[in-house]
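Here is what each chain is made of, one letter per residue.
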Amino acid sequence: AVLYVPCDAAALAVGADRVADTLAEELSARGVDAQIVRNGSRGMHWLEPLVEVETERGRIAYGPVTPADIAGLLDAGLLEGADHALCHGLTEEMPFLKRQTRLTFSRCGITDPLSLEHYEAHHGFLGLKRALEMTPAEIVQEVTDSGLRGRGGAGFPTGIKWNTVLKAQGDQKYIVCNADEGDSGTFSDRMIMEGDPFVLIEGMAIAGIAVGATKGYIYTRSEYPHAIAILYDAIQIARKAGILGASVMGSEHAFDMEVREGAGAYVCGEETSLLNSLEGKRGIVRAKPPLPAIEGLFGKPTVVNNVMSLASVPIIMDRGARFYRDYGVGYSHGTIPIQLTGNIKNSGLFETAFGLTLNELIYDIGGGTLSGRPVKAVQVGGPLGAYFPPSLFDTIFDYEAFVERNGMIGHAGIVVFDDTVDMLKQARFAMEFCAIESCGKCTPCRIGSVRGVEVLDRIARGDQPEQQIELLTDLCDTMKMGSLCALGGFAPYPVMSSLTHFPQDFHVKPLTDA
Ligand code: NAI
Ligand code: SF4
């Protein structure tokens, strides 16, 4: 029998290692010859550790499994996929998975992340092989035609960025993967790095061939030790197999890469600050222009792409631009891995074509709040994303639809709050977060965020709230218009959306009392 127990950090955090160890001990005590594969996560976090068993019918899922459940599960016929209180039937038929369109995450949770054999058996390297038969300009055109936009949050067309680097003059060019996933409630980058690292390696190699870069760096957080360990191993394996190195798969193209750990600053996810950090300097934002595409790492033309953007490239190259482009709505093409977190029943990763409404995502797919209380707000797009009230839950997941309503999808994390949340405190948190994480380069952010906390504290105390709200609005305008990067520029979004949609939390009460 073949059993699967995830090695993903989310599963490990709830005891997957102990489950795997207990399972191995029980199986050997019973004299059963079975293989335990440590797979990536299927992304159903509320069921982790999710144990699967391979049967003639397909894989059967059990979860959440604790070490104490193992003996009982084996007695009940786990190896045959027998029914049990923890059994969810065929994994592929589970509604949360069945409703998804898994393109980027097609292998995650299915394969052993470090098995090249598994990777190749599931369409691995087909995109790279096709790219090797094309000219750089053709590859760039294919990515442009696919409509892929930067999944880090800004949504800039990936193909256009690549074209800038392709056309730029430089004796050396670089591919930098931004894996400094810092947004609250997001984990898609981590999940793919831990669950399917070769797809990122393949995407980076294609990017290198497309723009003429021979060296790549994955810049990630020190808070991601499991992802880092898996990437180190995956890169070694790819080198040994001739996928990375002086000749990519026997071609005339050279491409190699390494992993770099950040020291843990949110602003190092901003591309220019990230480049400074990679160069060994302090992670402080650089003014743009020059764009990194022209003068990036060590002053050379550099593609800086998010993990999700690069990991989406292999399937585009394999299935063609048209295949990918046909998913989605408006100018948001393809699929997006949405991360459902916070106070929500079915928390996890849901990859789908753009176009679902927040209502569908929060209630139909997410199952509403875990607390069972009414949803009061959701924050989409990280700590600097806007808060939306239920009256805006008809907004569809699409870059433009969110912008129209003064929000952003960012890195596609949705954090759900029930009616016990105090939106004034959330607004204060945004300003405080900005004050702590500010790189200090520009005044609106460095000073403005500190003043913002003070103003919000005065509102909380009921100290001239009307004047303070005017001051806050003015301050937010200044930060939005005058900040050098998105950190200071976006902090006003959670603040102003809280104030606009939840004025009752901003102590309008003391005003009326007076
Ligand atoms: P931006 O709009 O300034 O740039 C987007 C990208 O396009 C950059 O890589 C830029 O260099 C590139 N670009 C722009 N014009 C170009 C051209 N003509 N040719 C080639 N490349 C060009 O946005 P920025 O500041 O890079 O990112 C802001 C976003 O980051 C926010 O929308 C937010 O959602 C997201 N974010 C994501 C986080 C995460 O953890 N993933 C954390 C914090 C923010
Ligand atoms: Fe630095 Fe903040 Fe200015 Fe960005 S907005 S450059 S983080 S001070």
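Residues numbered from 1 in each chain as written. Chains lettered and ligands numbered in written order. Predicted model: local features only at pLDDT ≥ 70, side-chain atom pairs only at ≥ 80, totals over all residues. Heavy atoms only, no water.

Asks: Explain the overall build of the protein chain here, please?
Replies: In terms of helices and strands, the protein chain carries 23 helices and 16 strands. For the protein chain, whose C-alpha radius of gyration is 24 Å, the value lies close to the compact-globule estimate of 24 Å for 514 residues. In terms of its C-alpha atoms, the protein chain occupies a principal-axis envelope of roughly 75 × 60 × 40 Å. Scored against the burial criterion, the 514 residues of the protein chain give a buried share of 57%. In the protein chain, once contacts between residues fewer than 6 apart in sequence are set aside, the share between residues at least 24 apart is 70%. Summed over its atoms, the accessible surface of the protein chain is roughly 19900 Å², and 52% of this surface lies on carbon and sulfur atoms. (Helix = DSSP H or I, 4+ residues; strand = E, 2+ residues; numbered from the N terminus. Rg over C-alpha atoms; globule rule 2.2 N^0.38 Å. Buried < 20%, exposed > 50% of the residue type's maximum accessible area, 1.4 Å probe, protein only. Contact = heavy atoms within 4.5 Å. Areas by Shrake-Rupley, 256 points an atom, 1.4 Å probe, with all protein chains shown as cover.)

Asks: What should I look at first to understand the sheet that holds strand β14 (residues 375-380) in this one?
Replies: Strand pairing within a sheet occurs via backbone hydrogen bonds; the two strands may be parallel or antiparallel. The mixed open sheet is built from 5 strands, whose spatial order is β13-β12-β16-β14-β15. Edge positions in the sheet fall to β13 (348-353) and β15 (387-388), since each of these pairs with one other strand and no more. Relative to strand β16 (residues 413-418), β14 is paired through 5 bridges, and the arrangement is antiparallel. In the strand pairing of β16, Val380 is matched with Ile414. Strands in contact with helix α15 (residues 358-365) are β12 (335-342), β13, β14, β15 and β16; relative to β14, the strand with the most contacts, it is inclined by about 120 degrees. (Pairing = 2+ DSSP bridges. Axes fitted to C-alpha atoms, helices over the stretch in contact; angles between N-to-C directions.)

Asks: Is there a simple way to think about the confidence of the model for the protein chain in this case?
Replies: Reading predicted coordinates in detail is not appropriate for stretches of low pLDDT. Of the residues in the protein chain, 99% have a pLDDT of 70 or more, and the chain-wide mean is 97. Between residues 510-514, whose pLDDT stays under 50, and residues either more than four places distant or in other chains, the model counts 3 contacts. (pLDDT = per-residue confidence, 0-100.)

Asks: Got a minute to help me understand unusual backbone geometry in this structure?
Replies: It is generally the case that most residues other than glycine have a negative phi and that most peptide bonds are trans. A cis amide bond links Glu48 with the next residue in sequence, Pro49, at an omega value of -5 degrees. Secondary-structure assignment places Pro49 in the loop between β2 (35-37) and β3 (51-55). Along the chain, Gly63 connects to Pro64 via a cis peptide bond; the corresponding omega equals -10 degrees. Locating Pro64 in the fold gives a position in the loop between β4 (58-62) and α3 (70-76). Within the chain, Asn406 stands out as a residue other than glycine whose phi angle is a positive 60 degrees. Examined against the element boundaries, Asn406 turns out to sit in the loop between α16 (399-404) and β16.

Asks: Teacher, can you tell me more about the side chain of Asp8 here?
Replies: Position of Asp8 among the secondary structure elements: in the loop between β1 (2-4) and α1 (9-13). Overall, Asp8 belongs to the buried group, its relative accessible area being 0%. Residue contacts for Asp8: discarding those within four places in its chain leaves Asn39, Gly40, Ser41, Arg190, Met191 and Glu194.

Asks: What exactly am I supposed to notice about a negative patch on the surface here?
Replies: The grouping of Glu466, Glu470, Asp474 and Asp477 at the surface amounts to a negative patch. By secondary structure assignment, the location of Glu470 is in helix α20 (residues 465-482). Exposure remark for Glu470: the relative accessible area of 60% places this residue in the exposed category. (Patch = residues over 30% accessible without salt bridge, like charges linked within 9 Å, V, L, I, M, F, W, Y side chains within 5 Å. Salt bridge = Lys/Arg side-chain N within 4 Å of Asp/Glu carboxyl O. Lys, Arg positive; Asp, Glu negative; His and termini not counted. Charge placed at Lys NZ, Arg CZ, Asp CG, Glu CD.)

Asks: Before we go on, may I ask you to explain the side chain of Ser497 in this structure?
Replies: Checked against the element boundaries, Ser497 lands in helix α22 (residues 492-501). Given a relative accessible area of 7%, Ser497 falls into the buried group. At 3.2 Å, the side chain of Ser497 and the backbone oxygen of Pro494 are in polar contact. Other than its neighbours up to four places away in sequence, Ser497 contacts Ala386, Tyr387, Pro492 and Phe502. (Polar contact = N/O pair within 3.5 Å; in protein donor to acceptor, adjacent residues only side chain to side chain.)

Asks: What exactly am I supposed to notice about empty space enclosed by the protein here?
Replies: It is a probe the size of a water molecule, rolled over the atoms, that shows where empty space is left. Taken as a whole and assessed by the stated rule, the structure comprises 2 cavities of 30 Å³ or more. The calculated volume of the largest cavity comes to roughly 70 Å³. Around the largest cavity sit 13 residues that line it, and Val285, Cys439, Cys442, Cys445 and Cys485 are the ones nearest its centre. A class-by-class count of the residues in the lining of the largest cavity yields 8 nonpolar, 4 polar and 1 charged. Estimates place the volume of the second largest cavity at around 30 Å³. Considering each element in turn, the lining of the second largest cavity owes the most residues, 3 residues, to β12. Across the lining of the second largest cavity, the residue classes break down as 4 nonpolar, 4 polar and 1 charged. (1 Å grid on protein atoms, 1.4 Å probe; cavity = no way out; pocket = protein on both sides within 12 Å on 5 of 7 lines; lining within 4 Å. Points joined across faces, edges and corners; volume = space filled by probe spheres on them. Nonpolar A, V, L, I, M, F, W, Y, C, P; charged D, E, K, R; others polar.)

Asks: How should the nonpolar core be read in this particular structure?
Replies: If you look at soluble globular proteins, the nonpolar side chains tend to sit buried side by side. If you look at the biggest cluster of nonpolar residues, it comprises 61 residues, and the most contacted ones within it are Ile139, Trp162, Ile175, Met193, Leu200, Met204 and Ile218. For this core, the element with the most residues is helix α10 (residues 197-211), which contributes 11 residues. Beyond its immediate stretch of four places on either side in the chain, Ile218 contacts Cys177, Ala179, Met193, Leu200, Met204, Leu231, Met257, Glu258, Val259 and Arg260. Core analysis: the second largest hydrophobic core is formed by 32 residues, Leu47, Ile338, Tyr399 and Ile409 among them. (Core = buried A, V, L, I, M, F, W, Y, C linked by side-chain atoms within 4.5 Å.)

Asks: Explanation requested: the packing of aromatic side chains in the structure shown.
Replies: The relative placement of two aromatic rings is captured by the distance of their centres and the angle of their planes. Per the stated rule, a full pass over the model turns up 15 aromatic pairs. Between Trp46 and Phe96, the aromatic rings sit 5.0 Å apart at their centres with planes inclined by 75 degrees, giving edge-to-face as the arrangement. One end of the pair, Trp46, is in the loop between β2 and β3; the other, Phe96, is in helix α4 (residues 95-98), with 50 residues separating them in the sequence. Relative accessible area serves as the criterion here: at 6%, Phe96 is assigned to the buried category. (Phe/Tyr/Trp six-rings, centres within 6.5 Å; stacked < 30°, edge-to-face > 60°.)

Asks: Looking at this model, I keep getting lost on the layout of surface pockets. Mind explaining?
Replies: Reported here for the largest pocket is a volume of approximately 1400 Å³. Together, 49 residues line the largest pocket, and Gly152, Gly153, Ala154, Gly269 and Ala486 are the ones closest to its centre. Breaking the lining of the largest pocket down by element, the ones donating at least two residues are α8 (158-167), β9 (302-306), α16 and α21 (486-490). Among the elements that line the lining of the largest pocket, the one with the most residues is β9, at 4 residues. Of the residues that constitute the lining of the largest pocket, the class distribution is 21 nonpolar, 17 polar and 11 charged.

Asks: Hey, could you run me through the pairing of β12 in this one?
Replies: If a strand is regular, its side chains alternate between the two faces of the sheet. Within β12, 7 of the 8 residues are buried, leaving the element largely enclosed by the surrounding structure. In this sheet, β13 lies alongside β12 in antiparallel orientation, the contact comprising 6 bridges. Across the sheet, Ile338 pairs through a bridge with Phe350, a residue of β13. With 4 bridges connecting them, β12 and β16 associate as parallel partners. The partner of Gln339 across the bridge, within β16, is Gly413.

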